[in-house]
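These are the residues of each chain, in order.
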Amino acid sequence: MAKKIVAGNWKMNKTYEEALALVSEVVNMVKDEVTGDVRVILFPPALYVSTLRSYVKDAPAISLGVQNIYQKASGAYTGEISAPMVKSLGIQYVLVGHSERREYFDETNEVLAEKVNIALENGLTPVFCCGESLQQRQNEDYKGFVKNQLTESLFHLGPEEIQKVVIAYEPIWAIGTGLTASAEQAQEMHKALRDHLSEKYGSPIASGISILYGGSVGAGNAAELFAGPDVDGGLVGGASLKSRDFTEIIKAR
Ligand code: PGA
């Protein structure tokens with residue numbers, strides 16, 4: 001069975017004081033209200049992760065991650081952060097290939113394969129994002145487009161390594177737009193991706209890989225979206241910036 005995960009992607013939001021306030025609220029609410037075995041991952045701006053570690057240490061359900069790493073281990077890459085740096089702080093998770101990185105920073109499937117590799121080499125868990133644009137959705141083979149993102153960035157991995165990856169399906173047309181995929185659309189794509197993983201790695205491995213849904217997940221629609229048998233949780237943007245909404249989403253998983 002795949003692990004249940006609810007992740008919050010803060011993107012480029014929150015000043016330092018605001019970030020401390022938000023993490024404190026989330027930690028308290030999760031400690032008081034969340035039971036069960038859901039893993040909560042917060043992806044704050046990387047600048048804050050070092051400080052936030054001490055805030056989450058009393059909430060064993062909560063882990064931290066960074067929103068991006070560079071594909072090299074070290075060197076003259078001004079402004080970038082590396083997988084060994086993240087590892088050295090004891091941070092476990094990294095987002096790889098968010099659609100905003102693909103769009104604004106030209107991250108290709110090939111570069112993302114390198115990021116996945118360096119994350120795994122350093123013991124980090126990549127949360128690999130994939131998803132189609134509205135234009136691609138209108139094309140008959142929209143599922144093929146997303147499956148190909150997995151093929152090109154993940155399918156060089158061996159069976160041991162692929163099990164260390166988390167996948168987040170985020171239709172671009174649903175990110176930050178208030179438009180969500182319907183629960184049926186989410187389940188349909190999640191099943192297609194799991195079948196694709198199964199064809200390559202076999203069903204026992206595919207069924208153990210967590211596939212999260214992202215794109216305008218909120219307190220009001222989370223339970224319905226998470227009900228799909230292949231939907232193992234969510235990657236939440238806007239609603240993760242509000243502690244109450246985010247906690248309700250965690251409870252819906
Ligand atoms: P959203 O963002 O929940 O604000 O749509 C999701 C994401 O980009 O991960």
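Refer to the structure presented above.
Residues numbered from 1 in each chain as written. Predicted model: local features only at pLDDT ≥ 70, side-chain atom pairs only at ≥ 80, totals over all residues. Heavy atoms only, no water.

(A) Region of interest: helix 9 (residues 183-201). Between the first and last C-alpha of helix 9 there are 26 Å, a value that for 19 residues agrees with the 27 Å anticipated at 1.5 Å per step. Within the sequence span of helix 9, burial applies to Ala-183, Ala-186, Gln-187, Met-189, His-190, Ala-192, Leu-193, Arg-194, His-196, Leu-197 and Tyr-201. (Helix = DSSP H or I, 4+ residues; strand = E, 2+ residues; numbered from the N terminus. Expected span 1.5 Å × (residues − 1). Buried < 20%, exposed > 50% of the residue type's maximum accessible area, 1.4 Å probe, protein only.)

(B) Spatial organisation of the environment of Ser-63. Within the secondary structure, Ser-63 is located in strand 3 (residues 62-66). Classification of Ser-63 as buried rests on a relative accessible area of 15%. On a C-alpha basis, the gap between Ser-63 and Ile-91 in space is 7.7 Å, while along the polypeptide they are 28 residues apart. Beyond its immediate stretch of four places on either side in the chain, Ser-63 contacts Arg-39, Val-40, Ile-41, Leu-42 and Tyr-93. A polar contact is formed between the side chain of Ser-63 and the side chain of Arg-39, at a distance of 2.7 Å. (Contact = heavy atoms within 4.5 Å. Polar contact = N/O pair within 3.5 Å; in protein donor to acceptor, adjacent residues only side chain to side chain.)

(C) Geometry of the packing of aromatic side chains. Scanning the model with the defined rule gives four aromatic pairs in all. Aromatic pair Tyr-70 and Tyr-77: ring centres 4.7 Å apart, planes at 40 degrees, arrangement tilted. On the basis of relative accessible area, Tyr-77 is assigned to the partly exposed category, the value being 33%. Between the aromatic rings of Phe-155 and Tyr-201, the centroid separation amounts to 5.6 Å while the plane-to-plane angle is 90 degrees, which identifies the pairing as edge-to-face. Residue Phe-155 is located in the loop between helix 7 (142-154) and helix 8 (159-162), and its partner Tyr-201 is located in helix 9; the two are separated by 46 residues in the primary sequence. Neither Phe-155 nor Tyr-201 differs from the other in exposure class; each is buried. Lying over the aromatic face of Tyr-201, Lys-200 brings its terminal NZ or CZ to 5.8 Å of the ring centre. (Phe/Tyr/Trp six-rings, centres within 6.5 Å; stacked < 30°, edge-to-face > 60°. Lys NZ or Arg CZ within 6 Å of the ring centre and 35° of its normal.)

(D) Region of the structure containing the sheet that holds strand 3. Spatially, the eight strands close up into a barrel ordered 1-2-3-4-5-6-7-8, and their pairing is parallel. On average, each strand axis in the sheet is inclined to that of its neighbour by 25 degrees, with strand direction left out of account. The strands touched by helix 5 (residues 109-121) are strand 4 (93-96) and strand 5 (125-130); relative to strand 5, the strand with the most contacts, the crossing angle is about 160 degrees. Against the sheet, helix 7 makes contact with strand 5 and strand 6 (166-169), and its axis sits at roughly 145 degrees relative to strand 5, the strand it touches most. (Pairing = 2+ DSSP bridges. Axes fitted to C-alpha atoms, helices over the stretch in contact; angles between N-to-C directions.)

(E) Structural context of the site of the ligand. In the region of the ligand, 13 residues are neighbours, and Lys-11, His-98, Glu-170, Gly-176 and Ser-216 sit closest. Contact between the ligand and Gly-237: an oxygen atom at 2.8 Å from a main-chain N or O atom of the residue. With the chains in place, 95% of the 280 Å² that the ligand exposes on its own is no longer accessible. Split by residue class, the shell around the ligand holds four nonpolar, seven polar and two charged. (Near = heavy atom within 4 Å. Areas by Shrake-Rupley, 256 points an atom, 1.4 Å probe, with all protein chains shown as cover. Nonpolar A, V, L, I, M, F, W, Y, C, P; charged D, E, K, R; others polar.)

(F) Up close: the pattern of salt bridges. All told, the structure shown has 13 salt bridges when counted by the stated rule. With its nearest N and O atoms 2.9 Å apart, the salt bridge here joins Arg-244 to Glu-33. One end of the pair, Arg-244, is in helix 12 (residues 243-252); the other, Glu-33, is in helix 1 (residues 16-33), and 211 residues separate them in sequence. Owing to a relative accessible area of 35%, Arg-244 belongs among the partly exposed residues under this scheme. Through salt bridges that share partners, Lys-4, Arg-194, Asp-230 and Asp-232 make up one connected network. (Salt bridge = Lys/Arg side-chain N within 4 Å of Asp/Glu carboxyl O.)

(G) Highlighting helix 12. Of the residues making up helix 12, those classed as buried are Ser-243, Phe-246, Thr-247, Ile-249 and Ile-250. Take helix 12 and look down its axis: the buried residues cluster within an arc of 160 degrees, on one side only. (Arc of directions from axis to C-beta.)

(H) Looking closely at the pairing of strand 6. Both faces of strand 6 are covered, namely the face carrying Val-166 and Ala-168 and the face carrying Ile-167 and Tyr-169. Two elements, strand 6 and strand 7 (residues 211-214), share three bridges in a ladder whose sense is parallel. When the bridges of strand 7 are listed, Tyr-169 appears paired with Tyr-213.

(I) Structural view of the pairing of strand 2 (residues 39-43). For strand 2, a buried count of four out of five residues is recorded, marking the element as mostly surrounded by other parts of the structure. Pairing analysis gives five bridges linking strand 1 (residues 5-9) to strand 2, with the strands arranged parallel. Bridged to Gly-8 within strand 2 is Leu-42. For the crossover from strand 1 across helix 1 to strand 2, the handedness is right-handed. Pairing geometry for strand 2 and strand 3, over three bridges, is parallel. Pairing of Leu-42 across the sheet is with Leu-64, part of strand 3. (Right-handed = clockwise from strand over helix to strand, strands pointing away.)

Taken by themselves, the reported measurements are silent on function.
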